[in-house]
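Residue-level listing of the chains:
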Amino acid sequence: METWTENGIENWINSLMDTLGAPGAGLAVALENLFPPIPSEVILPLAGFAASTGRMGLLAALLWTTAGSVVGALALYGAGALFGRARVIAVAARLPLVKVADIERTEAWFARHGTKAVLFGRMVPIFRSLVSVPAGVERMRLPVFLALTALGSALWNTAFVLAGYALGENWEQVTGYVSVYSKAVLGAALAACACFVAVRIVRAVRPGPGARRARARARAGARVRR
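Since the structure is predicted, the reported quantities are computational estimates derived from the model, not experimental observations.

### Side note on the overall build of the protein
Across its full length, the protein holds 10 helices and 0 strands. In the protein, the order of α-helices and β-strands from amino to carboxyl end is α-α-α-α-α-α-α-α-α-α. In the protein, which comprises 226 residues, the share counted as buried stands at 37%. Residue pairs at least 24 apart in sequence account for 74% of intrachain contacts in the protein once pairs closer than 6 positions are excluded. Counting only carbon and sulfur atoms, one obtains 68% of the accessible surface of the protein, whose full area is about 13,000 Å².

### A few points about the packing of helix H3 (residues 40–52) against helix H8 (residues 142–167)
For the pair H3 and H8, interaxial distance at closest approach is 6 Å and the crossing angle is 50°. When the axes of H3 and H8 are compared, the pair comes out oblique. Between H3 and H8 lies a crossing of right-handed hand. Listed contacts from H8 to Ser40, Glu41, Leu44, Pro45, Gly48, Phe49, Ala51 and Ser52 of H3 are Trp156, Asn157, Phe160, Val161, Gly164 and Tyr165. Tallied by class, the residues present in the contact of H3 with H8 amount to 8 nonpolar, 5 polar and 1 charged.

### So, H3
When the terminal C-alpha atoms of H3 are compared, their 18 Å separation across 13 residues agrees well with the 18 Å that a helix rising 1.5 Å per residue should span. Judged by how many residues are buried, H3 sits mostly within the fold: 12 of 13 residues are covered. Among the residues of H3, Ser40, Glu41, Val42, Ile43, Leu44, Pro45, Leu46, Ala47, Gly48, Phe49, Ala50 and Ala51 are the ones counted as buried. Glycine 54, located one to two residues past H3, shows a positive phi value of around 90°.

### Some remarks on the nonpolar core
Counting 22 residues, the largest nonpolar core has Ile13, Met17, Ile43, Leu44, Leu46, Met56 and Val161 as the members making the most contacts within it. When contributions to this core are tallied by element, the ones reaching two or more residues are helix H1 (4–20), helix H2 (22–34), H3, helix H4 (58–94) and H8. Per element, the largest residue contribution to this core is 8 residues, and it comes from H3. Ranked by size, the runner-up nonpolar core spans 11 residues in total, among them Ala73, Phe110, Leu119 and Leu148.

### Observations regarding the side chain of serine 153
Relative to the elements of secondary structure, serine 153 occurs in helix H8. By relative accessible area, serine 153 is classed as buried at 0%. Here arginine 122 takes part through its side chain, which lies 3.1 Å from a polar atom of the side chain of serine 153. Residues within four places of serine 153 in sequence aside, it is in contact with Thr66, Ser69, Arg122 and Thr158.

### As for the packing of aromatic side chains
Going through the model one piece at a time under the given rule, you end up with 2 aromatic pairs. Taking the centre distance of 4.6 Å and the plane angle of 35° together, the rings of tyrosine 77 and phenylalanine 145 count as tilted. Of this pair, tyrosine 77 sits in helix H4 while phenylalanine 145 is found in helix H8, placing the two residues 68 residues apart along the sequence.

### Describing the confidence of the model for the protein
Summary statistics for the protein give a mean pLDDT of 75 and a share of 62% for residues scoring 70 or more. Of all helices and strands in the protein, the one with the weakest mean pLDDT is helix H9 (residues 173–205) (54), whereas H8 scores best (91).

### Considering the environment of leucine 44
You can see leucine 44 is positioned in helix H3. A sequence separation of 18 residues divides leucine 44 from leucine 62, and the C-alpha atoms of the two residues are 8.9 Å apart. Ignoring sequence-local partners within four residues, the contact set of leucine 44 consists of Val29, Thr65, Trp156, Asn157, Phe160 and Val161.

### Comments concerning the side chain of serine 132
Secondary-structure assignment places serine 132 in helix H7 (residues 132–137). Those residues within four positions of serine 132 in sequence are excluded, and the remaining contacts are Ala73, Leu76, Tyr77, Arg122 and Phe145.

### Digging into the packing of H2 against H3
Axis separation between H2 and H3 bottoms out at 10 Å; the angle between their running directions is 165°. By the criterion of interaxial angle, the relationship of H2 to H3 is roughly antiparallel. For the pair H2 and H3, the crossing hand works out as left-handed. For the pair formed by H2 and H3, the contact residues are Ala25, Ala28, Val29 and Glu32 on the first element and Ser40, Ile43, Leu44 and Ala47 on the second. For the contact of H2 with H3, the class distribution of residues is 6 nonpolar, 1 polar and 1 charged.

What counts, and where the lines are drawn
Residues numbered from 1 in each chain as written. Predicted model: local features only at pLDDT ≥ 70, side-chain atom pairs only at ≥ 80, totals over all residues. Heavy atoms only, no water. Helix = DSSP H or I, 4+ residues; strand = E, 2+ residues; numbered from the N terminus. Buried < 20%, exposed > 50% of the residue type's maximum accessible area, 1.4 Å probe, protein only. Contact = heavy atoms within 4.5 Å. Areas by Shrake-Rupley, 256 points an atom, 1.4 Å probe, with all protein chains shown as cover. Axes fitted to C-alpha atoms, helices over the stretch in contact; angles between N-to-C directions. Parallel < 35°, antiparallel > 145°, perpendicular 65-115°, else oblique. Left-handed = near helix turned anticlockwise from the far one by under 90°. Nonpolar A, V, L, I, M, F, W, Y, C, P; charged D, E, K, R; others polar. Expected span 1.5 Å × (residues − 1). Core = buried A, V, L, I, M, F, W, Y, C linked by side-chain atoms within 4.5 Å. Polar contact = N/O pair within 3.5 Å; in protein donor to acceptor, adjacent residues only side chain to side chain. Phe/Tyr/Trp six-rings, centres within 6.5 Å; stacked < 30°, edge-to-face > 60°. pLDDT = per-residue confidence, 0-100.

Here is the structure:
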């Protein structure tokens, strides 16, 4: 049985599509990038179902939802560019268990793999919106960012819109499969964060061999000076 919140989101999306047609679906997708509680796994198959009933054209649904994805991602890219590298490092320096070196390694990784991260990140729940922020911070070339975002979004959106189109009134079946996928991604992300924190705590409590050797040399030097 659906919750009021799920019904409310569905009704809101339907209202947008009834009022604006395919552009309404695009607007909902754009807002989904900025407000993750609005789930794309509801918007996209619902747009496909609407296309199957003739409320909008299937091609229009695909084009407008992809355009909405690009607009939403561009807003987050702009936020990352506005925030900038210096502010990211300043914030990181104040966070416990996070080092500036971590940010620098992340920057190096993004410099090598940023194009793949933006392209495939558009097809990963939770991260599909967030990946636009580091792209903006690192000032990825805008034409490259837009092309990769459009391609990744088109692949993701097409799969869900077509699923909703094929399933018709049973479009809600899509959300069940995506929910399992999203939970798996979230679980992996939480496990990675837990490992990161655990490693940092262990290193803080038990310094590595280099730190121990440095302390031993310092003690030996102190004895010689005496």
